[in-house]
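One-letter residues, chain by chain:
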Amino acid sequence: MPELRVCALYPDLMNIYADRGNLLLLERRCCWRGLGFSVTASGLGDPLEPDAADLFYIGGGQDRDQRLCAFDLAEVKRDALHAVAERGGVILAVCGGYQLLGHSYELGDEKLPGVGLIDLHTVRAEGPRLIGNVAIEVELDPGERRVLAGFENHGGRTHLGPGVTPLGRVLRGHGNNGSDGFEGARAGNVIGTYLHGPLLPKNAWFADWLIRTALDLDEPLAPLDDEFEAAAHRDARHAAGV
Ligand code: GLN
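What you are looking at is a predicted structure, and each value in this text was computed from that prediction instead of being measured.

Undergrad: So what exactly am I meant to see when it comes to the sheet that holds strand 4 (residues 90-94) here?
TA: Backbone hydrogen bonds hold the strands of a sheet together, and the pairing may be parallel or antiparallel. Spatial ordering of the open sheet is given by 2-1-3-4-14-13, a layout of 6 strands whose pairing is mixed. Sheet topology places strand 2 (36-42) and strand 13 (185-187) at the edges, where each strand pairs with a single neighbour. Strand-to-strand twist in this sheet, taken as the mean axis angle between neighbours without regard to direction, amounts to 15°. In this structure, strand 13 lies alongside strand 14 (residues 190-193), joined through 3 bridges in antiparallel fashion. Within strand 14, the residue paired with Arg186 across the bridge is Ile191. With respect to the sheet, helix 1 (residues 21-32) is in contact with strand 1 (3-9), strand 2, strand 3 (55-58) and strand 4, its orientation differing from that of strand 2 by roughly 155°. Its contacts with the sheet place helix 5 (residues 204-215) against strand 1, strand 3, strand 4, strand 13 and strand 14, and it is angled at close to 150° to strand 4.

Undergrad: Is there a simple way to explain the site of the ligand in this structure?
TA: In the vicinity of the ligand lie 16 residues, with Asp63, Gln66, Cys95, Arg129 and Gly156 positioned nearest. Within the side chain of Gln99, an N or O atom sits 3.0 Å from an oxygen atom of the ligand. At 2.9 Å, a side-chain N or O of Arg129 approaches an oxygen atom of the ligand. Assessed atom by atom at 2 Å from the grid points, the ligand resides in the second largest pocket. Counting residues per element, the ones that place at least two in the shell around the ligand are helix 2 (63-86), helix 3 (96-99) and strand 9 (144-154). Residues belonging to the shell around the ligand are distributed by class as follows: 3 nonpolar, 11 polar and 2 charged.

Undergrad: Please explain the environment of Tyr105 as it appears in this structure.
TA: Looking at the element boundaries, Tyr105 is found in strand 5 (residues 104-107). When the C-alpha atoms of Tyr105 and Phe37 are compared, they prove to be 33 Å apart, with 68 residues separating the residues in sequence. If we ignore the near neighbours within four places in the chain, the residues touching Tyr105 are Asp63, Gln66, Gln99, Glu110, Lys111, Leu112, Thr122, Arg124 and Gly156. Within the structure, Tyr105 has its side chain in polar contact with the side chain of Asp63 (distance 2.9 Å). One polar contact links Tyr105 to Arg124, side chain to side chain, over a distance of 3.3 Å.

Undergrad: Would you mind going over the pattern of salt bridges with me for this structure?
TA: Two side chains carrying opposite charge are able to pair once their charged atoms lie near each other. Under the criterion given, the structure shown has 13 salt bridges. For Arg33, the salt bridge is made with Asp208, and the minimal N-O distance between the two is 2.9 Å. With Arg33 in the loop between helix 1 and strand 2 and Asp208 in helix 5, this residue pair connects regions lying 175 residues apart in the sequence. Beyond isolated ion pairs, a larger network of salt bridges with shared partners links Arg29, Arg33, Asp208, Asp226 and Glu229.

Thresholds applied
- Residues numbered from 1 in each chain as written.
- Predicted model: local features only at pLDDT ≥ 70, side-chain atom pairs only at ≥ 80, totals over all residues.
- Heavy atoms only, no water.
- Pairing = 2+ DSSP bridges.
- Helix = DSSP H or I, 4+ residues; strand = E, 2+ residues; numbered from the N terminus.
- Axes fitted to C-alpha atoms, helices over the stretch in contact; angles between N-to-C directions.
- Contact = heavy atoms within 4.5 Å.
- Near = heavy atom within 4 Å.
- Polar contact = N/O pair within 3.5 Å; in protein donor to acceptor, adjacent residues only side chain to side chain.
- 1 Å grid on protein atoms, 1.4 Å probe; cavity = no way out; pocket = protein on both sides within 12 Å on 5 of 7 lines; lining within 4 Å.
- Sits in = over half its atoms within 2 Å of the grid points.
- Nonpolar A, V, L, I, M, F, W, Y, C, P; charged D, E, K, R; others polar.
- Salt bridge = Lys/Arg side-chain N within 4 Å of Asp/Glu carboxyl O.

Structure below.
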């Protein structure tokens, strides 16, 4: 049986809104299907081995914690993450983690480095934080439009470079910057989003997409009894008004 190997980056620092719940859901959905699952952590100063995992994950964080991680990502883990992206490995980054996938995160006079995996940059502009329930329409596989629902809370505004594919189109909420109608970004199997929730328990179908993609499976995953997961998804959509 295949095993999904996950590497969680900075799980102690980048775990706002219980983003770690995303890992629990991956673990459960693998286990229920008889698939193996393992998770390792990579913290400040730890080198990263690009082949050590099928899916690399980084959650959201406050500016203070993000600052520590930004320099570590850029100085210690940058090359490995680029190697992961080049071989088609999955990288999922939420909120503060998403911001660090880009070129930089500007906070007033300070400019935190990103790892430059996706052509985007983030600016902590004047104005209120972008907070609330959010729903977006995504098309991860051509012709298959689906909804992701979650919760966003960010001060940074993210701007995608020309030609960058957003993860989705905002149905309700603010998205990347509150003005262009897009949310998140995707470059191959590198995915960034502002959606907390945690994201995956509210969108179990997306967890399955990640598992299948990370394991490079040809066959669809075995269906599960998703009564509770479907209810969580419905409620999250309902909270967003979709
Ligand atoms: N600190 C970042 C911001 O405020 C990210 C916040 C988060 O991860 N929720 O924009």
